[in-house]
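Listed here are the chains, written in short residue letters.
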Amino acid sequence: MILLNLCGCSAGIAAAAIPLYERVRTMNAFWFTNQDNLVYINAEKDLEHLEIRLNLPGLKEAAEELHAHPTREGFTLKGPHRTTARLFIPDLLFPRHIEMGENIFLYRGDMVECYVLYWIR
């Protein structure tokens, strides 16, 4: 059994005993407060285009499900060529509120931008 951490890298069997909220501490919460790392997407209008652009099948359905029923764990989406993306709500994971943290973030690693999916309603 091989697990993937939030960056999509193999975390090994030892990580199986560590809950997600403990593993997420490896993500730097301050990284999400840097506006240079974030791209804001209106989910009502642009979510389908983002799914096609990022080649992440099921992105729209997973984001709408997480929006309707928020969970601390969020969802992990598998893309092509061993890529993964993580949908999560930062305010449910991190102890402190971050700006726009009540919305869904699409995290694909520290080397690429993070998408903040928001709904106007």
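Structure's up top.
These lines cover the structure that appears in this document, whether it is placed above or below. (Residues numbered from 1 in each chain as written. Predicted model: local features only at pLDDT ≥ 70, side-chain atom pairs only at ≥ 80, totals over all residues. Heavy atoms only, no water.)

Section: the packing of helix 2 (residues 43–54) against helix 3 (residues 59–68)
In step 1: Across the interface, helix 2 lies against helix 3 with an axial gap of 8 Å and an inter-helix angle of 135 degrees. Comparing their axes, helix 3 and helix 2 come out oblique. Along its contact with helix 2, which presents L47, E48, L50 and E51, the element helix 3 presents L59, K60, E61 and A63.
In step 2: Grouping the amino acids of the contact of helix 2 with helix 3 by side-chain chemistry returns 4 nonpolar, no polar and 4 charged. (Axes fitted to C-alpha atoms, helices over the stretch in contact; angles between N-to-C directions. Helix = DSSP H or I, 4+ residues; strand = E, 2+ residues; numbered from the N terminus. Parallel < 35°, antiparallel > 145°, perpendicular 65-115°, else oblique. Contact = heavy atoms within 4.5 Å. Nonpolar A, V, L, I, M, F, W, Y, C, P; charged D, E, K, R; others polar.)

Description of helix 2
In step 1: Look at helix 2: only 14 Å from first C-alpha to last across 12 residues, short of the 16 Å you get at 1.5 Å a residue.
In step 2: Buried within helix 2 we find A43, L47, L50, E51 and L54. Across the axial projection of helix 2, the buried residues extend over an arc of 100 degrees, all falling on one side. Away from its buried face, by an angle of more than 90 degrees, helix 2 presents the exposed residues K45, H49, I52 and R53.
In step 3: On its buried face, helix 2 sits against strand 1 (38–42), helix 3, strand 4 (104–107) and strand 5 (114–118).
In step 4: The backbone nitrogen of E44 has a side-chain oxygen 3.1 Å away, supplied by the residue at the start of helix 2, namely N42. (Expected span 1.5 Å × (residues − 1). Buried < 20%, exposed > 50% of the residue type's maximum accessible area, 1.4 Å probe, protein only. Arc of directions from axis to C-beta. Polar contact = N/O pair within 3.5 Å; in protein donor to acceptor, adjacent residues only side chain to side chain.)

A look at the sheet that holds strand 2 (residues 75–78)
In step 1: Here we have 5 strands laid out as an open sheet, ordered 1-5-4-3-2, and mixed in their pairing. What marks the edges here is a single partner per strand, and that holds for strand 1 and strand 2. Looking at each pair of strands side by side, their axes are set apart by 25 degrees on average, direction ignored.
In step 2: As paired elements, strand 3 (residues 84–88) and strand 4 share 3 bridges and run antiparallel to each other. Bridge pairing links R86 to Y107 in strand 4. (Pairing = 2+ DSSP bridges.)

Points about the pairing of strand 5
Put simply, side chains in a regular strand alternate between the two faces of the sheet.
In step 1: Most of strand 5 sits out of view: 4 of its 5 residues are buried.
In step 2: Looking at chain direction, strand 1 and strand 5 are connected through 5 bridges and run parallel. By the bridge assignment, L38 is partnered in strand 5 with C114.
In step 3: Of the pairings in the sheet, the one linking strand 4 to strand 5 comprises 3 bridges and is antiparallel in character. Each residue of the ladder has a partner; that of I104, found in strand 5, is L117.

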